[in-house]
Amino acid sequence: MELTTTFSETRDLSVGRVALVPTMGFFHEGHLSLMRLVRDRCDTLIVSNFVNPTQFDRENDLEEYPRDLDRDRAMAVEVDVDIFFEPELGEVYPEGASTIVDVPGVSHWMEGRHRPGHFAGVATVVAKLFAGIQPDDAVFGRKDAQQLAVIEAMVRDLRFPVEIVAAPLVRESDGLALSSRNVHLSPADRESSLAISRGLFQAAEQIDAGEVRGERLEATVARSSRRLTTEYVTLASLETMVPIATLDQPAVLAVAAQVGSVRLIDNIVVDFEGGRPVPDRGLILDEPSRLGTLP
Ligand code: PAF
């Protein structure tokens, strides 16, 4: 595996079909599943590891974001990554950089409301990665369903010649959605956080049984998470991320809640097959994930 720090050396080392997995590091099985998803369909698999300061909207969140570069590199080797791109701040944001990519509309609701500026930070850094690396494919997880919709809209609007590959959300065997931030959960908070996925699974059962009223589905998740500080529970169109009252199109039932010091997001994407809504509960691991401990 090659370690690179500049866009030009990353491009120079790339051959054939190039797939990019953009990350902020501190890998868990969710990240590895993104890498595995495209390993066989590309000639050069690039993983970028850059904790992007412009997408953090809360004090201390950037400093407290978990990092462990050595462990990340070792895990990338395990899944046969070709290039591990770890740029310095100045490579991504050169002195005087002022261009911002904003994707209004799709960025407006849910995370956009609660994290002002977050999606402009994400879209800006992803646009830089696409421009600097020029991948053919780029992989994003459905855990961040709204981020995925923002990037799809950006790719469409700016005509980036990149195919976006959507990867399933990955869960611990007890249902907790994998996130690098889970490392900050105390044992008691981790236990409480299971109310989120439990509520989503109950809503998924309601969908399987024919429920299409958004307020009923949202109420199920809100009831289950009532002991947590829930920021929103919203049923929204999967493409536009605009809230919808009835499940009559591909959608996401999304939730954000504060659990102790950790802000968690989770969702169930609802695809349509043969005209019927089919909730995607994600991939559930058989064994505990290999989420690291803080170094
Ligand atoms: O999902 C993430 O880890 C980040 O938002 C991303 C896409 C790497 C951009 O910094």
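Keep in mind that this is a model prediction, so the values were computed, not measured. (Residues numbered from 1 in each chain as written. Predicted model: local features only at pLDDT ≥ 70, side-chain atom pairs only at ≥ 80, totals over all residues. Heavy atoms only, no water.)

Caption draft 1: Structural context of the overall build of the protein chain. When helices and strands are counted, the protein chain shows 10 helices and 12 strands. Here the C-alpha atoms of the protein chain give a radius of gyration of 19 Å, agreeing with the 19 Å that 2.2 N^0.38 yields for 295 residues. Overall, the protein chain is about 55 × 40 × 40 Å in size when its C-alpha atoms are taken along their principal axes. Scored against the burial criterion, the 295 residues of the protein chain give a buried share of 55%. Taking all contacts inside the protein chain whose residues are at least 6 apart in sequence as the whole, residues at least 24 apart take part in 73%. Surface accessibility of the protein chain: about 13,400 Å² in total, with carbon and sulfur atoms responsible for 49%. Side-chain charges of the protein chain comprise 29 positive and 47 negative groups, with the mean position of each set lying 6 Å from the other. (Helix = DSSP H or I, 4+ residues; strand = E, 2+ residues; numbered from the N terminus. Rg over C-alpha atoms; globule rule 2.2 N^0.38 Å. Buried < 20%, exposed > 50% of the residue type's maximum accessible area, 1.4 Å probe, protein only. Contact = heavy atoms within 4.5 Å. Areas by Shrake-Rupley, 256 points an atom, 1.4 Å probe, with all protein chains shown as cover. Lys, Arg positive; Asp, Glu negative; His and termini not counted. Charge placed at Lys NZ, Arg CZ, Asp CG, Glu CD.)

Caption draft 2: Focus on the packing of helix α7 (residues 118-133) against helix α8 (residues 145-158). Packing of α7 against α8 leaves a shortest axis separation of 10 Å and a crossing angle of 50 degrees. As far as their axial angle goes, α8 and α7 are oblique. The two elements α7 and α8 meet at a crossing, and its hand is right-handed. Residue-level inspection shows Phe119, Val122, Ala123, Val126, Ala127 and Phe130 of α7 in contact with α8, the latter providing Gln146, Gln147, Val150, Ile151, Met154 and Val155. Residue classes in the contact of α7 with α8 are distributed as 10 nonpolar, two polar and no charged. (Axes fitted to C-alpha atoms, helices over the stretch in contact; angles between N-to-C directions. Parallel < 35°, antiparallel > 145°, perpendicular 65-115°, else oblique. Left-handed = near helix turned anticlockwise from the far one by under 90°. Nonpolar A, V, L, I, M, F, W, Y, C, P; charged D, E, K, R; others polar.)

Caption draft 3: Here's a closer look at a nonpolar patch on the surface. A cluster of nonpolar side chains, contributed by Met1, Leu3 and Val77, occupies part of the molecular surface with about 270 Å² of accessible area. Structurally, Leu3 can be placed in strand β1 (residues 2-4). (Patch = residues over 30% accessible without salt bridge, like charges linked within 9 Å, V, L, I, M, F, W, Y side chains within 5 Å. Salt bridge = Lys/Arg side-chain N within 4 Å of Asp/Glu carboxyl O.)

Caption draft 4: Representation of the sheet that holds strand β3 (residues 44-49) within the structure. Spatial strand order, β1-β4-β3-β2-β5-β6: six strands in an open sheet with parallel pairing. Strands with a single pairing partner mark the edges of an open sheet, and in this sheet they are β1 and β6 (163-167). Adjacent strand axes in the sheet meet at a mean angle of 25 degrees when their direction is disregarded. The pairing of strand β2 (residues 18-23) with strand β5 (residues 137-141) spans two bridges and is classified as parallel. Across the sheet, residue Leu20 finds its bridge partner in β5, namely Ala138. Helix-sheet contacts for helix α4 (residues 69-78) involve β1, β3 and β4 (83-85), and the interaxial angle to β4 is about 155 degrees. (Pairing = 2+ DSSP bridges.)

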